[in-house]
Amino acid sequence: AALLALVEQLRTQAGIAFLLTAVFVVFMLTAGRWALGLLAKRYAALGRVSVDQVAVVIVGLLLSAYATERIGIHSIFGAFVFGTIMPRESGLTHELTDKIEDFTVVVLLPVFFLVAGLRTNLFAIDSPALLLWLLLIVSAAIIGKLAGCGITARLNGYSRRDAVMLGTLMNTRGLTELVILTIGLNLGVLSDRTFAMMVVMALT
């Protein structure tokens with residue numbers, strides 16, 4: 001009976017989280033997109049990004065992340081949704097990206113890699129069986145990306161050389177994997193051993 005009550009409670013909590021997430025997404029796609037559209041019009045009138053426009057975008061980004069964290073899903077989801085509603089056709093987005101990208105690459109990205117590296121215990125991979133699993137994981141990741149992108153490119157008319165190039169370039173995209181892995185470790189979904197193997201895979 002206690003187990004059934006726990007399952008029911010978890011189901012209720014998950015339902016509430018899904019409902020609040022749907023409300024959040026609808027709000028961002030309507031009111032959020034409308035507000036950013038007004039900001040883009042102001043940018044077009046001024047012809048440049050002002051300090052208050054940067055502040056509004058940063059505050060909106062942080063509030064979106066905070067909202068999803070309070071809902072019960074990770075803050076990165078809120079930041080992602082905010083990024084998707086930025087007006088792509090506006091110079092505001094491109095200029096803001098140029099301004100923020102330098103700070104992100106020079107300051108935030110090295111700190112993130114440092115934290116992820118300090119939390120990675122490579123000594124946890126301490127047996128031939130685990131080394132074999134690591135080899136299988138790395139091979140599956142490389143072949144999966146290479147084949148997935150390469151085959152899709154070939155089906156869309158790309159040459160064999162270009163298809164291989166696309167698959168190879170897709171294999172260099174490891175940052176998102178590190179972000180998701182770090183979230184999984186924080187939530188307790190991944191053990192230190194699994195995290196270490198996955199980090200080696202992402203870096204490879």
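Only a predicted model underlies this, so the values are computations on that prediction, with no experimental measurement involved. (Residues numbered from 1 in each chain as written. Predicted model: local features only at pLDDT ≥ 70, side-chain atom pairs only at ≥ 80, totals over all residues. Heavy atoms only, no water.)

Caption draft 1: How the structure looks around the overall build of the protein. Check the secondary structure of the protein and you find 8 helices and 0 strands. Walking the protein from its N terminus toward its C terminus, one meets helices and strands in the order α-α-α-α-α-α-α-α. The principal-axis extents of the C-alpha atoms in the protein amount to approximately 65 × 60 × 35 Å. Buried residues in the protein amount to 26% of all 204 residues. Counted over contacts in the protein with a minimum sequence separation of 6, partners at least 24 positions apart contribute 64%. Per element, the accessible surface of the protein, about 13,600 Å² overall, is 72% carbon and sulfur. When the 15 positive and 12 negative side-chain charges of the protein are each reduced to one mean point, those points stand 5 Å apart. (Helix = DSSP H or I, 4+ residues; strand = E, 2+ residues; numbered from the N terminus. Buried < 20%, exposed > 50% of the residue type's maximum accessible area, 1.4 Å probe, protein only. Contact = heavy atoms within 4.5 Å. Areas by Shrake-Rupley, 256 points an atom, 1.4 Å probe, with all protein chains shown as cover. Lys, Arg positive; Asp, Glu negative; His and termini not counted. Charge placed at Lys NZ, Arg CZ, Asp CG, Glu CD.)

Caption draft 2: Molecular detail of the pattern of salt bridges. In this structure the tally under the stated criterion is 3 salt bridges. Measuring nitrogen to oxygen at the nearest pair gives 2.3 Å for the salt bridge that ties Asp52 to Arg42. Highlighted residues: Asp52 in helix α2 (residues 51–71) and Arg42 in helix α1 (residues 2–46), separated in sequence by 10 residues. Of the residues examined, Asp52 reaches a relative accessible area of 36% and is grouped as partly exposed. A residue is classified by how much of its surface remains accessible, and Arg42, at 39% relative accessible area, is partly exposed. Two residues, Asp162 and Arg161, come together in a salt bridge whose shortest N-O distance is 4.0 Å. (Salt bridge = Lys/Arg side-chain N within 4 Å of Asp/Glu carboxyl O.)

Caption draft 3: Quick peek at the packing of α2 against helix α4 (residues 91–118). One can describe the packing of α2 onto α4 by two numbers: an axis separation of 12 Å at closest approach and a directional angle of 80°. Considering their axes alone, α2 and α4 lie roughly perpendicular with respect to each other. Contact residues: Gln53, Val54, Val57 and Ile58 in α2; Leu92, Leu96, Lys99 and Ile100 in α4. The residue makeup of the contact of α2 with α4, split by class, is 6 nonpolar, 1 polar and 1 charged. (Axes fitted to C-alpha atoms, helices over the stretch in contact; angles between N-to-C directions. Parallel < 35°, antiparallel > 145°, perpendicular 65-115°, else oblique. Nonpolar A, V, L, I, M, F, W, Y, C, P; charged D, E, K, R; others polar.)

Caption draft 4: Spotlight on the layout of surface pockets. Quantified by volume, the largest pocket comes out at close to 1,700 Å³. Contributing to the lining of the largest pocket are 36 residues, with Leu61, Ile76, Ala79, Thr104 and Leu175 lying nearest its centre. At the level of elements, α2, α3 (75–84), α4, α7 (175–187) and α8 (192–203) are the ones that each hand at least two residues to the lining of the largest pocket. The greatest single-element share of the lining of the largest pocket, amounting to 12 residues, is contributed by α4. Tallied by class, residues from the lining of the largest pocket come to 24 nonpolar, 9 polar and 3 charged. (1 Å grid on protein atoms, 1.4 Å probe; cavity = no way out; pocket = protein on both sides within 12 Å on 5 of 7 lines; lining within 4 Å. Points joined across faces, edges and corners; volume = space filled by probe spheres on them.)

Caption draft 5: Structural view of the confidence of the model for the protein. Considering every residue of the protein, the mean pLDDT works out to 86; 95% of them sit at 70 or more. When mean pLDDT is taken per element in the protein, helix α5 (residues 128–155) scores highest with 91 and α1 scores lowest with 81. (pLDDT = per-residue confidence, 0-100.)

Caption draft 6: Expanded view of the nonpolar core. The biggest cluster of nonpolar side chains holds 16 residues, and the ones touching the most others in it are Met28, Leu36, Val57, Phe82, Met86, Leu92 and Leu96. At the level of elements, α1, α2, α3 and α4 are the ones that each hand at least two residues to this core. A per-element tally of this core places α1 first, with 7 residues. Apart from the residues lying within four places of it in its own chain, the contact partners of Leu92 are Leu39, Ala40, Tyr43, Val49 and Gln53. Core analysis: the next-biggest nonpolar cluster, separate from the first, contains 8 residues, Leu134, Val138, Met197 and Met201 among them. (Core = buried A, V, L, I, M, F, W, Y, C linked by side-chain atoms within 4.5 Å.)

Caption draft 7: Representation of the packing of α2 against α3 in the model. Packing of α2 against α3 leaves a shortest axis separation of 6 Å and a crossing angle of 140°. Viewed along their axes, α2 and α3 adopt a mutual orientation that is oblique. As α2 packs across α3, the resulting crossing turns out to be right-handed. For the pair formed by α2 and α3, the contact residues are Val57, Gly60, Leu61, Ser64, Ala65, Thr68 and Glu69 on the first element and Ser75, Phe77, Gly78, Ala79 and Phe82 on the second. When its residues are assigned to classes, the contact of α2 with α3 shows 6 nonpolar, 5 polar and 1 charged. (Left-handed = near helix turned anticlockwise from the far one by under 90°.)

Caption draft 8: Here's a closer look at the side chain of Gln53. Turning to its location among the elements, Gln53 is positioned in helix α2. Ignoring any residue separated from it by four or fewer positions in sequence, one finds Gln53 in contact with Leu39, Arg42, Tyr43, Leu46, Arg48 and Leu92.

Caption draft 9: Local environment of α8. In this model, α8 (12 residues) spans 16 Å end to end at C-alpha, consistent with the 16 Å of a helix rising 1.5 Å per residue. Along α8, the positions that sit buried rather than exposed are Phe195, Ala196, Met197, Val199, Met201 and Ala202. Buried residues along α8 sit against α4, α5 and α7. (Expected span 1.5 Å × (residues − 1).)

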